[in-house]
Amino acid sequence: MKRRKFLRNSSTVAAGIISAPILASCNDQQPEKRTDITPILPIAICTWDFGNATAKAWEVLHDGGSSLDAVHQGVMIEENDLRNTTVGNGGRPDRDGNVTLDACIMDKDGNCGAVLAMQNIANPISVARKVMEETPHVMLAGKGAEQFAYEQGFEKVNLLTKKTKEDWLEWKKTSQYKPIINIENHDTIGMLAIDEKGDIAGACTTSGMAYKMAGRVGDSPIIGAGLFIDNEVGGATATGVGEEVVRTVGSFLIVELMRQGKSPQEACEEGVKRIIAKNKDKQDFQIGFIAINKKGETGGYCIHPGFTYRTYTKDGHVNNPSNSYLES
Ligand code: SD4
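Residues numbered from 1 in each chain as written. Predicted model: local features only at pLDDT ≥ 70, side-chain atom pairs only at ≥ 80, totals over all residues. Heavy atoms only, no water.

Topic: helix H7 (residues 142–151)
Part 1: Those residues of H7 that sit buried are Ala145, Glu146, Phe148 and Ala149. Along the axis of H7, the buried residues cluster in a sector spanning 160°; they form a single face. Seen from the open side of H7, the exposed residues pointing more than 90 degrees away from its buried face are Lys143 and Glu151.
Part 2: In the segment just after H7, Gly153 is the residue with positive phi, at about 95°. (Buried < 20%, exposed > 50% of the residue type's maximum accessible area, 1.4 Å probe, protein only. Helix = DSSP H or I, 4+ residues; strand = E, 2+ residues; numbered from the N terminus. Arc of directions from axis to C-beta.)

Written out as structure tokens, the structure is:
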């Protein structure tokens, strides 16, 4: 009898009387890892209603691809979409009119790579992956990141579109810097995926806050803040005002809360509450967290209503409205 069937049929095991190590001595095979819940695998999840991105990630996962390839190819869809003014090519510029992009990627082994405030390159997530795979470093910033990208064969691209230039010139008339809550109902894309093997990876990419100071970098390319993966536990990623996410090392915090036993939903809620606790007099900003655990369970939570997150599993492709700390 196959070992799996033996375990299922054994009333003694069902009663929990015989432990796995004792069972292992019944035959030559290694004991199987026993789990109570069937993992929902594979799965892709991302911040906001970036359905084209999760569809691409699902395509990769469904073909048996790795979670790393899935998140990489998934978020690239948004980097390449010129209609999206918050990610990649076509993203809004800083106050000087320069588009500076941030991205990071992390794999199942804790390897990671990031680019910060990089100009003239359309796919920062691909450069971040090159940093991870081709250099001894984790982060490259500014001119160094751009130079590295050219060395890796990336092309120089003008990232400022006619539309974002016009909007910037309009903004300059008042030059008022105020992060907009739920800007155009999308923002940074952070994506988490688990592949058929059960391995977790994540990616996060953004053009950052529109009209930020030159050189400003938010949470999105900072491992632990905008994204964190621990293949034993789960992953988390963030969107919103990056300064606040950095102050709580939000994504790392959420993964650690899951390690301590919280569900992804409970961990996201606690992450938002920690941010609120540090901002007692100020709540006019948005933060959204999403998380996934090793079982494929997901969660999402935000400060203001309006944040949504996409999930793609064999059961469907859904845009989930997130619960929020504040009511509308
Ligand atoms: C940042 N978290 O640069 C990113 C961008 C974002 O609302 O999500 N903006 O702070």
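Some details on the site of the ligand
Part 1: With respect to spatial proximity, 13 residues lie near the ligand, and among them Thr188, Arg216, Asp219, Gly240 and Gly242 are the closest.
Part 2: In this structure, Asp219 approaches the ligand through a side-chain N or O atom, which is 2.7 Å from a nitrogen atom.
Part 3: Contact between the ligand and Gly242: an oxygen atom at 2.8 Å from a main-chain N or O atom of the residue.
Part 4: Bound to the protein, the ligand loses 97% of the 290 Å² it would expose on its own.
Part 5: The pocket occupied by the ligand, as judged from atoms lying within 2 Å of grid points, is the second largest cavity.
Part 6: Class assignment for the residues of the shell around the ligand results in 2 nonpolar, 8 polar and 3 charged. (Near = heavy atom within 4 Å. Polar contact = N/O pair within 3.5 Å; in protein donor to acceptor, adjacent residues only side chain to side chain. Areas by Shrake-Rupley, 256 points an atom, 1.4 Å probe, with all protein chains shown as cover. 1 Å grid on protein atoms, 1.4 Å probe; cavity = no way out; pocket = protein on both sides within 12 Å on 5 of 7 lines; lining within 4 Å. Sits in = over half its atoms within 2 Å of the grid points. Nonpolar A, V, L, I, M, F, W, Y, C, P; charged D, E, K, R; others polar.)

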